[in-house]
Amino acid sequence: MTRAEAVALVLSLLADEDIVVAADGAITREAFRAHDRQRTFYMLGSMGQVASIALGLAMTRLERVVALDGDGNLLMGLGGLAMVGGLKPPNLYHLVLDNGCYATTGGQPALSRQVDLADVAAGAGYRWARRCFDAQHVREAMEAWLGAGGPALLDVAIGAGDPDPAPRVPLTPERMAERVRAALASD
Amino acid sequence: MSPSRRLDALRACGIEFVAGVPCSYLKRFFAGCLEMPPTAFLPAVREDHAVAACVGAWLGGRRALAAMQNSGLGYCLEVLTSLHLIYGVPLPLVVSDRGAPGDYEEHLVLGQRTRGLLELFGIPWREARHGDEEADAAWVVSTAEEQRRPAALLVGKEADS
């Protein structure tokens with residue numbers, strides 16, 4: 001499964017009111033290309049902070065907050081995972097698109113092949129944490145993840161290659177933030 | 001421990017969410033935070049995660065503040081520069097002011113450069129004073145919101161009120 005397929009699949013399974021935090025780098029660009037939505041926050045930098053931003057949203061909102069993370073990104077900010085596991089926001093759903101490397105910077109290997117991120121999440125206190133490295137079962141794994149009680153983490157294997165990289169998101173960062181804030185303020 | 005006049009003043013200015021890592025100079029302030037509702041105070045494990053969580057809370061519609069020791073500003077720099085300062089996110093900060101002459105060695109290098117560090121990244125700062133809690137709070141909240149950027153109150157040991 002490619003990153004593009006995994007991102008398109010998860011976005012197709014979400015409800016309109018769900019709030020998404022898309023990890024800086026290829027994931028944010030892919031999320032914009034697959035399905036731009038007012039309630040998606042596109043990160044440009046601050047690698048390692050996907051779970052922390054999602055946690056701030058989950059603590060202040062009733063809607064489901066879906067963090068679209070990468071394996072290298074999550075490894076950089078494991079403290080954020082500890083905060084989610086410790087505080088247990090029931091509306092936080094954490095998806096790791098795991099290609100085992102730093103694809104954006106040239107494919108250098110990450111330690112996610114040695115560190116089982118679902119085990120780490122379970123140890124930190126997530127109520128549900130699974131790994132799905134079998135492309136045939138990703139859809140049912142995502143459905144189980146979204147149906148579980150949160151906080152829930154699903155670690156999904158994706159291919160390391162990037163045959164058709166998505167372009168940068170054509171919005172200013174100020175606009176990216178204002179759009180999400182306005183969409184949430186209109187409730 | 002009596003209530004934190006500093007935290008109460010900030011809440012009176014509209015602060016509804018606090019994330020932070022404790023400092024011994026901010027004992028009274030953090031004691032007040034622990035009395036806040038569980039969805040209003042995030043006990044962060046490191047300062048960069050605290051300021052990132054404040055962005056999430058702000059996107060969600062809450063006025064958020066981060067509190068930390070000045071040593072934690074080092075951890076925050078990547079997030080402040082590639083999140084708050086480019087997305088235009090207001091962030092009042094309560095930062096302890098360690099590193100005065102006579103403080104322990106581990107506080108001196110960053111402590112003696114805290115003001116310079118904030119100025120280098122265009123973050124306005126003000127020294128908090130015991131007795132001025134309401135004016136301090138009004139300054140840090142209004143400066144952050146008007147300039148759409150972080151602004152810092154530097155809190156010395158005697159200003160943990």
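Conventions adopted
Residues numbered from 1 in each chain as written. Chains lettered and ligands numbered in written order. Predicted model: local features only at pLDDT ≥ 70, side-chain atom pairs only at ≥ 80, totals over all residues. Contact = placed C-beta atoms within 7 Å. Helix = DSSP H or I, 4+ residues; strand = E, 2+ residues; numbered from the N terminus. Buried ≥ 20, exposed ≤ 12 C-beta atoms within 10 Å, placed from the backbone. Pairing = 2+ DSSP bridges. Axes fitted to C-alpha atoms, helices over the stretch in contact; angles between N-to-C directions. pLDDT = per-residue confidence, 0-100. Arc of directions from axis to C-beta.

**Quick word on the interface of chain A and chain B**
Counting from both sides, the interface comprises 27 residues of chain A and, opposite them, 26 residues of chain B. Secondary-structure elements contributing two or more residues to the side of chain A that touches chain B are helix 3 (50-60), helix 5 (78-87) and helix 8 (173-185) of chain A.

**Digging into the environment of M1 of chain B**
All names here are of chain B. With respect to the element layout, M1 can be found in the segment before helix 1 (5-12). For M1, a count of 8 C-beta atoms within 10 Å puts it in the exposed group. Placed 27 residues apart in sequence, M1 and R28 show a C-alpha to C-alpha distance of 7.0 Å. Setting aside anything within four residues of it in sequence, one finds M1 in contact with R28 and A31.

**Side note on the sheet that holds strand 2 (residues 40-42) of chain A**
Residues and elements named next belong to chain A. Read across the sheet, 6 strands follow the order 2-1-3-4-8-7 without closing on themselves; strand pairing throughout is parallel. On the outer flanks of this sheet lie strand 2 and strand 7 (128-132), each paired with one strand and no other. Within this sheet the neighbouring strands show an average axis-to-axis angle of 15°, counted without direction. Of the pairings in the sheet, the one linking strand 4 (residues 92-98) to strand 8 (residues 152-157) comprises 6 bridges and is parallel in character. Looking across to strand 8, one finds that Y93 is bridged to A152.

**Side note on the sheet that holds strand 3 (residues 64-68) of chain B**
Residues and elements named next belong to chain B. Within the open sheet, the 6 strands sit side by side as 2-1-3-4-6-5. Their pairing is parallel. Two strands bound the open sheet, and with one partner strand each, they are strand 2 (41-43) and strand 5 (125-127). Neighbour to neighbour, the strand axes of the sheet diverge by 20° on average, direction disregarded. Where strand 3 lies against strand 4 (residues 91-96), 3 bridges are found, and the strand directions are parallel. Bridge pairing in strand 4 links A66 to L93.

**A few points about the pairing of strand 6 (residues 150-155) of chain B**
Residue and element names in this part refer to chain B. The buried fraction of strand 6 is high, at 6 of 6 residues. The two faces of strand 6 match: P150, A152 and L154 on one face and A151, L153 and V155 on the other face are all buried. As judged from the 3 bridges shared by strand 5 and strand 6, these two strands associate in the parallel manner. Residue E127 lies in a different strand from strand 6, and its bridge partner there is L154.

**What about the confidence of the model for chain B?**
Reading predicted coordinates in detail is not appropriate for stretches of low pLDDT. This prediction gives chain B a mean pLDDT of 96; 100% of its residues lie at or above 70. In the model output, the complex is listed with pTM 0.98 alongside ipTM 0.97.

**Here's the deal with helix 6 (residues 117-124) of chain A**
Residue and element names in this part refer to chain A. Inspection of helix 6 places L117, V120 and A121 among the buried residues, and these make up the whole buried set. Along helix 6, the residues classed as buried sweep out an arc of 100° about the axis, all on the same side. In this structure, the buried residues of helix 6 make contact with helix 4 (71-76), helix 5, strand 4, strand 7 and strand 8. Positioned one or two residues after helix 6, G125 has a phi angle of 115°, which is positive.

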